[in-house]
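# Descriptive structure summary
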Amino acid sequence: MTTAPLVELAGVSKYYGNIRALEGVSLEVRAGEITCVLGDNGAGKSTLIKIVAGLHRHDAGTFRVDGEEVTLANPRDALDRGIATVYQDLAVVPLMPVWRNFFLGSEPTRGKGPFRRLDVELMRTTTREALLRMGIDLRDVDQPIGTLSGGERQCVAIARAVHFGAKVLVLDEPTAALGVKQSGVVLKYVAAARDQGLGVILITHNPHHAHLVGDRFVLLKRGVMAASHTKDSVTLDELTRQMAGGSELEDLRHALERPTGA
Ligand code: ADP
């Protein structure tokens, strides 16, 4: 039995005036799988995220969520359908504790009328438990989120999306600003989200990171699909070569070569 993908784009295009940001892009993400979208600057990655996150409408092609064709009205619509997007510049309040950021905008309260107040204890324990469930053992959920490393903050954002019931997690270059070790930690939690049955769309320009965790790979170049692979159909070397623009690099090498014997 094959079920419908959680998210499926088929021949999706997007134009900004007469600029072609995306043309005929197709991809799918299934529950318990990671689909990586690779591409250099200007490839159309952000545009693709904006369509899936409900910020922009596609101009052509079909976008299906759980098998149903949709045009998302706004980011709330995407969230209601279980699509959560974690952006690189996480919207957090640095001086507020981790637990406060975890519940930002969805704070539970206790008491009624004038006695209504934030249920701080519930937020603290729930945050701790939700993080532990993802295997994140944070020393102290009371510390300001601004004191966490970039990687830890990404992990908290992933755990938050999982806790609030996301079915699809869209990650916008979560390792772009991180060193090797922190990138590894973030990728571990991306895999943990997948293991909990979420479908993950991982945007990256790093073929190594993609190949470590990805089940499917879509390579974008100047808005069009340059390649599409499944894990068994592509090696890391091949993915890296395609991402680096194999022949373009070869041309560059020739252009940079010093004349010998001069
Ligand atoms: P990436 O995220 O891979 O760097 P983008 O999706 O940001 O790529 O951009 C794809 C193309 O669309 C680029 O040529 C970019 O200049 C263009 N583009 C993106 N957003 C807009 C916009 N709001 N208005 C006009 N052109 C845009």
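You'll find the structure just up there.
Residues numbered from 1 in each chain as written. Predicted model: local features only at pLDDT ≥ 70, side-chain atom pairs only at ≥ 80, totals over all residues. Heavy atoms only, no water.

## Description of the site of the ligand
Near the ligand you find Y16, I19, A21, D40, N41, G42, A43, G44, K45, S46 and T47, and these make up its full shell. Note that an oxygen atom of the ligand is positioned 3.1 Å from one of the backbone N or O atoms of A43. Protein contact buries 61% of the 560 Å² of open area that the ligand shows by itself. Where the shell around the ligand is concerned, the elements lending two or more residues are β2 (19–29) and α1 (45–52). In terms of residue count, the dominant contributor to the shell around the ligand is α1 (three residues). (Near = heavy atom within 4 Å. Polar contact = N/O pair within 3.5 Å; in protein donor to acceptor, adjacent residues only side chain to side chain. Areas by Shrake-Rupley, 256 points an atom, 1.4 Å probe, with all protein chains shown as cover. Helix = DSSP H or I, 4+ residues; strand = E, 2+ residues; numbered from the N terminus.)

## Comments concerning the packing of aromatic side chains
Counted by the stated rule, this structure contains three aromatic pairs. Note on F102 and F164: the rings are 6.2 Å apart at their centroids and 40 degrees apart in plane angle, and the pair reads as tilted. Of the two residues, F102 is situated in helix α3 (residues 98–102) and F164 in the loop between α5 (150–163) and β9 (168–172); the sequence distance between them amounts to 62 residues. Every member of this aromatic cluster is reached through a ring pair, and the members are F102, F103 and F164. (Phe/Tyr/Trp six-rings, centres within 6.5 Å; stacked < 30°, edge-to-face > 60°.)

## Digging into helix α4 (residues 120–133)
Compared with an ideal rise of 1.5 Å per residue, which puts 14 residues at 20 Å, α4 spans 20 Å between its outermost C-alpha atoms and is within 8% of the ideal. Within the span of α4, buried status applies to M123, T126, T127, A130 and L131. Buried residues of α4, seen end-on, are gathered within an arc of 125 degrees and therefore sit on one face of the element. On its buried face, α4 is in contact with α3, β8 (117–118) and α5. Backbone geometry just after α4 places G135 at a positive phi near 85 degrees. (Expected span 1.5 Å × (residues − 1). Buried < 20%, exposed > 50% of the residue type's maximum accessible area, 1.4 Å probe, protein only. Arc of directions from axis to C-beta. Contact = heavy atoms within 4.5 Å.)

## Side note on the nonpolar core
Core analysis: the biggest nonpolar cluster contains 47 residues, and V98, L131, M134, L169 and L171 have the highest contact counts within it. Top contributing element to this core by residue count: α5, with seven residues. Apart from residues no more than four positions distant in its own chain, L131 is found in contact with V98, F102, I136, L138, V141, V156 and A159. Counting 26 residues, the second-largest nonpolar core is a separate cluster that includes L6, L22, I203 and L220. (Core = buried A, V, L, I, M, F, W, Y, C linked by side-chain atoms within 4.5 Å.)

## So, the packing of α5 against helix α6 (residues 180–195)
Following both chains from N to C, one finds α5 and α6 inclined at 5 degrees, their axes separated by 9 Å at the closest point. Classed by the angle they form, the pair α5 and α6 counts as roughly parallel. In contact with G150, G151, E152, Q154, C155, I158 and V162 of α5, α6 contributes Q182, V185, V186, Y189, V190 and A193. Counted by class, the contact of α5 with α6 contains eight nonpolar, four polar and one charged residues. (Axes fitted to C-alpha atoms, helices over the stretch in contact; angles between N-to-C directions. Parallel < 35°, antiparallel > 145°, perpendicular 65-115°, else oblique. Nonpolar A, V, L, I, M, F, W, Y, C, P; charged D, E, K, R; others polar.)

## A few points about the pattern of salt bridges
Following the criterion strictly, the structure yields 15 salt bridges and no others. For R124, the salt bridge identified is with E121, shortest N-O distance 2.9 Å. Of the two residues, R124 and E121 are both situated in helix α4; the distance of three residues between them amounts to about one turn of the helix. Measuring nitrogen to oxygen at the nearest pair gives 3.5 Å for the salt bridge that ties E238 to R241. Here E238 and its partner R241 are both found in helix α8 (residues 236–244), three residues apart, which amounts to about one turn of the helix. Looking at E238, the relative accessible area reads 28%, which means it is partly exposed. We classify R241 as partly exposed; its relative accessible area is 46%. Members of the salt-bridge network, linked through shared partners, are E28, R30, E33 and R216. (Salt bridge = Lys/Arg side-chain N within 4 Å of Asp/Glu carboxyl O.)

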